[in-house]
Amino acid sequence: MKKHLICLFLAVSLVNIYGGTKVEVWKQAELVFNGSRCYDNPFLDVEVNAVFVSSEGDTIKRPGFWDGESTWKVRFAPTKTGKWKYTVFNNVDDKALEGNGYIDAVKYNGQVPAFKNGFVKISEDKRHFVFNNGKPFFYIGDTHWFITLEKWDECNVKGCRSQFKFMANKRAQQGFTVYQVQTNGCPLVEDSVTSVDVSAFRDIDRKFDYLVNKGFVITTAIGSAHNYALRLGVKGAERLAKYWVARYGAYPVIWMTAQEVDLDKHKYLDIWKAAAEEIDKYDDYRHPHSAHMWDNSNAGMFDKDEWHNFNMVQGGHIIWGGGTQTKDFYKNFYGHNPVKPFLEAEANYEGLGKDKQCTTEDIRNAAYKSMLCGSLGFGYGVQGIWENCYTTEDCGCCAEWGAKSWYDGLMAEGGNQMIIMKKFFQSFEWWKLEPCFDDNNRVTINSDSDKEREKAVLSSISDKVFILYLYSKDNIAVTIKNLNKNKSYDVNWFNPRNGKYEKAAVKNITGITEFKAPDKPSEADYLLVIKQSGK
């Protein structure tokens, strides 16, 4: 076989720039190398690695990955401007898979938040996410567990040429900030991961690139629990995890390891923990890292795992007796030590259920309640999209859980209402909210029914802002405490269905430390907002 020279070009976001060396900061660059000889199993036998060093001494190590035939690639995103020198090396003494050079990282001038502000990370107080520059990041995710089946160049809706792009464009226009994805439905690897389907990964590449350029951060998993974990095994899960980091670690991502890692009495947990440790080993960007949970009873499940730095919980779905979880459920995670952020990632998927369905109201209740109980954001899901029903009969799975096509799911009202919620919280310093739960020093909720008491949820920002969410059809007597008697407060109702404020019966209060909430405008859910007016 002819010996190939190193390919002398640099690729940025799928655009090859021959001889180019300039890359905008936080954007992905791609080094491409062609091996000089054939290998029996290039995926298993050849390891390519790179080290990038900035002019200030910052070091980022990146594993390379096999991309079919004799091609290996290394992806890298510079984290600051300036010259980054790199060295590429391998374990098979193939000179064609070695190299030295530099990348000149320049200022980013576009509008993608993760490139303007840097990748997402855990905040210093360990309660929420921030961009690298410290700007708070509001997580509002759309769930696509079967993204590998979403059609790139086909669509069954008039005027639409790509099902995938149509959905991504709609969610970007609405204001979603995250895509929650995993690899259900596509055989990306052989059993035990002795090889990979490069064409399937290239399809994920173009989808991830499209999402990133639309402004999304991608919460990504290498798979799901169930029997998929058994197909991988520990060694296979480790191989796939390393490959995943090599291929996608230079994207703006959040690691969720796998979906429902603790399913079936923790039958697969050791496999997914091994994968998580491998992700951690090769991720020099230190992206936020969790594991999507099914059994949420143990907030300390991953306390001894150094890779784990936030909890990704599943409140469940009300049609199966879960759904709008209790305040104590969220308090279990918010109050746990060591302190970690938690995310309500899956609750009350809109339209889920055959005989009885989760409603728009159900998912709205779960979203506002979890946010006011300390969640760093919310993972929205809707029937038809999460399991990719191209038609009502052609689904990635679980058509028996409700017949709804992807387009019907995309147009469901809940998607709009999630953005109303996002805009509502962003009108405050939402990252400073502290849940009150049922602390009698901060709130009194008078009801003989525990079920009704659950439907009054209060959070506050010091003594400046109090937000009370009421979702009982009846009026509940709630007394809000710790107001500043030397300050004046404006009192208004917020309608979470249309995003409009309505005047309360009591418009302004002053000179008191406790305030009894007025009756809601109707039996629907409302938020009472009490905010210092500065008067």
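Residues numbered from 1 in each chain as written. Predicted model: local features only at pLDDT ≥ 70, side-chain atom pairs only at ≥ 80, totals over all residues. Heavy atoms only, no water.

Draft legend 1. Representation of the pattern of salt bridges in the model. In the structure shown here, the tally under the stated rule is 27 salt bridges. A salt bridge links Lys 27 to Glu 24; its shortest N-O distance comes to 3.8 Å. Close ionic contact of Lys 95 with Glu 98 constitutes a salt bridge, the shortest N to O distance being 3.9 Å. For Glu 98, a relative accessible area of 24% translates into the label partly exposed. (Salt bridge = Lys/Arg side-chain N within 4 Å of Asp/Glu carboxyl O. Buried < 20%, exposed > 50% of the residue type's maximum accessible area, 1.4 Å probe, protein only.)

Draft legend 2. Geometry of the sheet that holds strand β24 (residues 443-446). If you walk across this open sheet you meet the 3 strands as β24-β27-β30, and the pairing is antiparallel. Where the open sheet ends on each side, the last strands, each with one partner, are β24 and β30 (515-516). Strand direction decides the pairing type here: β24 and strand β27 (residues 477-480), joined by 4 bridges, are antiparallel. Residue pairing in the sheet places Ile 445 in a bridge with Val 478 of β27. (Pairing = 2+ DSSP bridges. Helix = DSSP H or I, 4+ residues; strand = E, 2+ residues; numbered from the N terminus.)

Draft legend 3. Looking closely at the packing of aromatic side chains. Under the defined criterion, the tally for this structure stands at 47 aromatic pairs. Ring plane angle 65 degrees and centroid distance 5.6 Å describe the contact between Phe 43 and Tyr 243, whose orientation is recorded as edge-to-face. Within this pair, whereas Phe 43 is found in helix α1 (residues 42-45), its partner Tyr 243 is found in helix α5 (residues 226-248), the two being separated by 200 residues in sequence. As far as burial versus exposure is concerned, Phe 43 and Tyr 243 are alike and both buried. When the ring of Tyr 330 is compared with that of Phe 342, the centres are 5.8 Å apart and the planes differ by 15 degrees; the resulting orientation is stacked. Within this pair, whereas Tyr 330 is found in helix α8 (residues 327-334), its partner Phe 342 is found in strand β19 (residues 342-347), the two being separated by 12 residues in sequence. Under the relative-accessibility criterion, Tyr 330 is labelled buried at 0%. Grouping aromatic residues by their ring pairs yields a cluster made of Phe 138, Tyr 368, Phe 424, Phe 425, Phe 428, Trp 430, Trp 431, Tyr 469, Tyr 471, Phe 494 and Tyr 501. (Phe/Tyr/Trp six-rings, centres within 6.5 Å; stacked < 30°, edge-to-face > 60°.)

Purely geometric stuff here, so don't read any function into it on its own.
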